[in-house]
Structures are given as structure tokens and as C-alpha cells.
Amino acid sequence: MTTQELIAASSKYLANTYARFPLVLVRGQGARIWDSDGKEYLDFVGGIAVDALGHCHPKMVEAIRAQAEQLIHISNLYHIEPQIRLAQLLVEHSFADRAFFCNSGAEANEAAIKLARKWAKDHWSSDRHEIIVMHHAFHGRTLATVTATGNPKYLHGFEPVVPGFKHVPYNDLKAVERAIDSRTCAVMVEPIQGEGGVNIPGDDYLPGLRRLCDEAGILLILDEVQSGMGRTGKLFAYEHWGAAPDIMTLAKALAGGAPIGAMLAREAVAQSFVPGTHASTFGGSPFVSAIARAVVRTMLEEDLPGNAARVGKYFLDRLSALKGKCPIVALARGKGLILGLQVTVPARDIVTACMRRGLLSLTAGDDVVRFVPPLIITEADVDAALTILEAALAEVAK
Ligand SMILES: *Cc1c(COP(=O)(O)O)cnc(C)c1O
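Definitions and cut-offs
Residues numbered from 1 in each chain as written. Predicted model: local features only at pLDDT ≥ 70, side-chain atom pairs only at ≥ 80, totals over all residues. Heavy atoms only, no water. Helix = DSSP H or I, 4+ residues; strand = E, 2+ residues; numbered from the N terminus. Buried < 20%, exposed > 50% of the residue type's maximum accessible area, 1.4 Å probe, protein only. Contact = heavy atoms within 4.5 Å. Areas by Shrake-Rupley, 256 points an atom, 1.4 Å probe, with all protein chains shown as cover. Pairing = 2+ DSSP bridges. Axes fitted to C-alpha atoms, helices over the stretch in contact; angles between N-to-C directions. Expected span 1.5 Å × (residues − 1). Polar contact = N/O pair within 3.5 Å; in protein donor to acceptor, adjacent residues only side chain to side chain. Phe/Tyr/Trp six-rings, centres within 6.5 Å; stacked < 30°, edge-to-face > 60°. Lys NZ or Arg CZ within 6 Å of the ring centre and 35° of its normal. Near = heavy atom within 4 Å. Nonpolar A, V, L, I, M, F, W, Y, C, P; charged D, E, K, R; others polar. Salt bridge = Lys/Arg side-chain N within 4 Å of Asp/Glu carboxyl O.

## Details of the overall build of the protein chain
Step number 1: A count of helices and strands for the protein chain gives 14 helices and 15 strands.
Step number 2: Judged by the C-alpha coordinates and their principal axes, the protein chain covers about 65 × 55 × 45 Å.
Step number 3: In the protein chain, buried positions account for 54% of the 398 residues.
Step number 4: The contacts in the protein chain between residues at least 6 apart in sequence include a share of 72% that link residues at least 24 apart.
Step number 5: Summed over its atoms, the accessible surface of the protein chain is roughly 17,500 Å², and 55% of this surface lies on carbon and sulfur atoms.

Shown next, in the form of C-alpha cells:
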């Protein structure tokens with residue numbers, strides 16, 4: 001099929017849930033990707049903060065090949081060696097004592113919400129089931145997680161929503177303090193909001209949330225689906241502020257592009273899950289667990305969080321310098337390799353102009369251009385991206 005025929009078939013046969021760009025991407029290598037017409041792009045989307053090792057990293061390809069020849073799926077009726085080893089690796093590098101594996105970020109958050117409610121039932125006689133969540137959050141698209149997300153655009157038409165969520169402004173400790181009452185069981189928050197606009201909280205925010213949760217005897221749940229796995233310059237974003245949660249969710253980059261989700265918890269909280277309380281058919285399969293383990297080990301061996309910190313700083317400096325130079329640039333912000341450029345025009349116009357010139361980026365909200373490239377990128381890749389971005393900004397500003 002030609003590219004035009006493929007795009008026509010896409011519109012004909014697929015559920016119409018995405019406003020897709022008119023590209024068919026067919027091959028990738030490192031931070032570069034090629035479309036069906038052979039055109040090359042610099043990939044600063046990385047499958048939306050997923051392809052942390054870049055495309056077709058040899059260690060990931062080797063793990064896939066080796067595990068495919070050994071064992072792909074058996075179910076959680078049995079012990080799964082790669083799953084055990086992955087859990088141990090994550091526990092040894094985080095605050096957590098135990099891991100539960102599933103297949104996506106939304107599912108990881110569902111597990112976190114269920115565990116928080118169950119823990120509250122086990123520990124309090126009163127009905128504590130409410131979870132405080134933030135404006136401009138993103139936690140997923142299942143009924144519970146889209147309710148936690150709270151974006152009216154995503155909820156419209158799907159009511160009734162799941163009860164038990166209370167929304168307060170992000171980065172506002174006083175609002176959380178006021179919202180906590182005898183029905184609250186947890187506070188759930190992204191350490192850095194990704195979809196909501198690359199919003200970075202003040203330095204007192206996460207430690208403040210930790211303190212409020214401790215004072216109220218409730219749980220702190222961190223959604224690190226996007227901010228985790230080295231993205232921000234540390235393996236997990238909470239490390240920047242020394243504010244460890246009780247429950248943390250992971251997905252996106254955890255297996256470098258293979259579908260996986262994980263919920264990690266402290267022992268005292270994890271104990272509320274017992275045989276029968278929660279499950280997933282595919283969760284932690286030998287196949288995906290072996291891939292994730294190879295990805296995480298590679299991240300640690302090659303110090304990709306360190307690379308994200310270094311190259312991210314260089315990238316942010318260069319983006320910040322655009323502010324004086326380009327009238328439609330309002331602000332640059334970021335931490336490690338999650339960066340946002342706030343513009344005074346529709347962000348999608350910039351993304352489209354960059355795409356035509358061979359740079360893939362995406363939006364975060366209506367007025368932020370977001371960059372979440374593979375963690376393996378270099379300063380030279382950033383220079384190449386900036387050349388394209390500057391030309392695209394100039395074109396749109398005209
Ligand atoms: C992407 C994302 C999710 C949802 O993950 P899915 O795998 O699409 O279900 C949840 N939380 C955050 C912070 C995310 O960025």
C-alpha cells in the first residue's frame with residue numbers, strides 16, 4: 001500500500017480516537033526514525049516518553065530475542081523468574097518493598113487506587129476512601145483514572161464518574177491541607193505534570209505533601225508513569241526532593257517500548273493486597289519482564305539518568321535563550337529530558353512545522369510544545385533539533 005492508501009485505510013478501519021499526524025513511521029534507530037517515504041526525523045517524542053533507550057537498542061533487541069526463544073507467557077498461576085528479578089531490581093533502587101505488574105499506566109494507577117482504598121479499610125474503622133488529586137493531572141483513561149484525571153474534555157459523555165476523588169490546584173499545599181478530612185485515604189500526584197503542561201512544582205511541594213500525609217496518617221501516591229525511569233535526571237523524580245511516597249506507579253519507559261505497568265509500595269501498605277484481591281493476566285509476563293529488566297539495567301549501567309540531567313540542562317538553556325529571540329516564545333521549563341516550551345500561538349502549529357522539517361515533538365495542553373526524547377540523545381542531537389525548531393518558530397511567527 002502507498003502512504004496515502006495506508007492513511008485512508010487507517011481512517012476507514014480504526015476507531016476514530018486519535019487526531020493523528022499524516023505520517024506512517026516504519027523504522028527507527030537510536031533517536032532517528034524514518035517514515036514510509038524514507039524521510040528521516042529526529043525523534044524528540046520517543047513514543048511519548050517511552051523509548052528511553054532509543055529505537056532498537058542492541059541490548060533491548062537481544063533481551064527480546066533471547067526471551068522469545070525461552071518463554072513468552074505462562075500467567076501468574078506460577079512463579080515467573082524474570083518478573084521476580086525485575087521486582088528485586090526495582091525494589092533495590094527505590095523506596096519500595098514490593099511490586100505488582102500490569103500492562104499500562106492507567107492500570108498501574110487503578111492498582112494504586114484500589115490498594116489505597118483497601119489499605120484504608122484495613123486500617124481505619126471509618127469510611128476513608130477519598131483520594132485528593134490535582135487540577136491538570138493526567139492519570140489515564142479507564143473510568144477511575146479518567147475521573148482522577150478530572151479533565152472535563154476527557155470525562156464528557158462518560159458519566160456517571162467514579163466517586164471518591166477530590167480535585168485541588170496543583171502546587172498548592174494549603175489547598176491539600178484544607179481538602180484533607182476524615183474521608184481522605186490518600187493524596188495522588190505527579191511529581192512533574194507531563195500531559196498537563198510540563199508543570200514543575202516548587203521545592204517545598206513534595207516534602208510538604210509527605211508531611212501532610214504523615215500528619216493525617218494517609219498515603220502519598222506518586223504517579224511516576226512519565227517522570228520515572230530516568231526521565232528527569234534521577235531514576236525517579238521523587239529523589240530530587242527526598243520525598244518518598246508510600247505507593248508509586250510506573251509504566252511508559254519501564255520496558256523501553258514493550259507494554260508494561262508497575263505499582264510499587266512499602267511493605268506496610270502492600271500487605272493489604274492478598275491472594276485474590278487484584279490480578280492481571282498479562283502482568284509481569286516472562287517476555288515483558290525480561291525486556292524491562294534489560295532496559296532498567298542498561299539505564300543504570302550507561303547512567304542514562306545522568307545523561308538526561310546533563311543533556312537536559314543544555315537543552316533547557318538553549319530553549320530558554322529562544323525567549324528573547326522569538327516573539328511567540330513565552331517560557332521554557334523542564335527537568336532532565338522532559339521539557340516544555342510555552343508559546344503564544346497554538347502549540348500544534350509549531351509541532352506541525354517542526355514535523356515537516358524533520359523533528360518530532362508533541363504538545364502538552366494547548367500552548368506548550370513538549371519534548372520527551374530518548375534518554376540516549378547527545379548535545380549534537382539537541383543542536384540539530386534547535387536548528388529545526390528555530391526555523392519552525394520563525395515560520396509560524398510570520
Ligand atoms: C501516560 C500517563 C498515564 C497513562 O498511561 P497509559 O499507559 O496510557 O495508560 C498515567 N499517568 C501519567 C503521568 C502519564 O503520563
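## Brief notes about the sheet that holds strand S2 (residues 32–35)
Step number 1: Across the sheet, which stays open at both edges, the 4 strands sit in the order S1-S2-S3-S13 with mixed pairing between neighbours. Taken across any chain shown, the strands that pair with only one partner, and hence form the sheet edges, are strand S1 (25–29) and strand S13 (359–360).
Step number 2: Sheet topology note: the S1/S2 ladder contains 4 bridges and is antiparallel. Pairing of Gly28 across the sheet is with Ile33, part of S2.

## A few points about the sheet that holds strand S11 (residues 329–335)
Step number 1: One open sheet accounts for 4 strands, arranged S11-S12-S15-S14; its pairing is antiparallel. In the strand order of this sheet, the two ends are held by S11 and strand S14 (362–363), each with one partner.
Step number 2: Where S11 lies against strand S12 (residues 338–343), 6 bridges are found, and the strand directions are antiparallel. Of the residues in S12, the one forming a bridge with Leu331 is Gln342.
Step number 3: This element, helix H12 (residues 304–325), spans S11, S12 and strand S15 (368–371) of the sheet and lies at about 170° to S11.

## Here's the deal with H12
Step number 1: Helix length check: H12, at 22 residues, gives a terminal C-alpha distance of 31 Å against a target of 32 Å (1.5 Å per residue), a fit within 8%.
Step number 2: Among the residues of H12, Leu304, Pro305, Gly306, Asn307, Ala308, Val311, Gly312, Phe315, Leu319 and Leu322 are the ones counted as buried.
Step number 3: In this structure, the buried side of H12 is in contact with helix H11 (286–301), S11, S12, S15 and helix H14 (379–397).

## Structural notes on the side chain of Asn307
Step number 1: Tracing the backbone through its elements, the reader meets Asn307 in helix H12.
Step number 2: Polar side-chain contacts of Asn307 include one of 2.7 Å to the backbone oxygen of Leu375.
Step number 3: Not counting chain neighbours up to four residues away, the residues in contact with Asn307 comprise Gly312, Leu375, Ile376 and Ile377.

## Things to note about the packing of aromatic side chains
Step number 1: A complete count under the given rule lists 8 aromatic pairs for this structure.
Step number 2: A ring pair is formed by Phe100 and Phe273, whose centres lie 6.4 Å apart and whose planes are at 70°; its orientation type is edge-to-face. With a gap of 173 residues between them, Phe100 in strand S4 (residues 98–102) and Phe273 in the loop between helix H10 (267–270) and H11 connect regions that are remote in the sequence. Neither Phe100 nor Phe273 differs from the other in exposure class; each is buried.
Step number 3: A centroid spacing of 6.0 Å and a plane angle of 5° characterise the contact between Phe236 and Tyr238, whose relative ring orientation is stacked.
Step number 4: Phe236 sits in the buried class, given a relative accessible area of 0%.
Step number 5: The structure contains a cluster of three or more aromatic residues connected by ring pairs, namely Phe44, Phe315 and Phe371.
Step number 6: When the ring centre of Trp34 is taken as reference, the NZ or CZ atom of Arg27 above it lies at 4.2 Å.
Step number 7: Over the aromatic face of Tyr154 sits the side chain of Arg141, whose NZ or CZ is 3.7 Å from the ring centroid.

## Details of the site of the ligand
Step number 1: Taken together, the neighbourhood of the ligand is formed by Ser104, Gly105, Ala106, Asn109, Phe138, His139, Gly140, Glu190, Asp223, Val225, Gln226 and Lys252.
Step number 2: With respect to the ligand, the backbone of Gly105 contributes an N or O atom lying 2.8 Å from an oxygen atom.
Step number 3: Measuring from an oxygen atom of the ligand, one finds a side-chain N or O atom of Gln226 at 2.7 Å.
Step number 4: In terms of residue count, helix H5 (residues 105–123) provides more of the shell around the ligand than any other element does, 3 residues in total.
Step number 5: Taken together, the residues that form the shell around the ligand break down as 3 nonpolar, 6 polar and 3 charged.

## Remarks on the side chain of Ser280
Step number 1: Relative to the assigned elements, Ser280 resides in the loop between H10 and H11.
Step number 2: At a separation of 3.0 Å, a polar atom in the side chain of Ser280 contacts the main-chain amide nitrogen of Gly283.
Step number 3: If we ignore the near neighbours within four places in the chain, the residues touching Ser280 are Asn76, Phe100, Phe101, Cys102, Asn103 and Glu107.

## Examining the pairing of strand S5 (residues 130–134)
Step number 1: The buried count for S5 comes to 5 of 5 residues, which makes it a mostly enclosed element.
Step number 2: The two faces of S5 match: Glu130, Ile132 and Met134 on one face and Ile131 and Val133 on the other face are all buried.
Step number 3: Sheet topology places S5 next to strand S6 (residues 165–168); 4 bridges connect them, and they run parallel. Counted as the bridge partner of Val133 is His167 from S6.

## A word on the environment of Gly256
Step number 1: Structurally, the position occupied by Gly256 is in the loop between strand S9 (247–250) and strand S10 (261–265).
Step number 2: Sequence separation of Gly256 and Ala292 is 36 residues, and the distance between their C-alpha atoms is 6.9 Å.
Step number 3: Each residue touching Gly256, except ones within four places of it in the same chain, is listed here: Val50, Asp51, Met60 and Val295.

## Remarks on the pattern of salt bridges
Step number 1: Tallying each qualifying case throughout the model produces 25 salt bridges.
Step number 2: Of the charged contacts, one joins Arg32 and Glu40 as a salt bridge, the two residues approaching to 3.2 Å between their closest N and O atoms.
Step number 3: By relative accessible area, which is 26% here, Arg32 ends up partly exposed.
Step number 4: For the salt bridge of Arg65 with Glu69, the shortest nitrogen-to-oxygen distance reads 2.9 Å. Placement of both Arg65 and Glu69 in helix H3 (residues 58–70) is noted, with a separation of 4 residues, approximately one turn of the helix.
Step number 5: Taking relative accessible area as the criterion, Glu69 reaches 63% and is therefore assigned exposed.
Step number 6: By sharing partners, the salt bridges in this structure join Glu130, Lys166, Asp181 and Arg183 into a single network.

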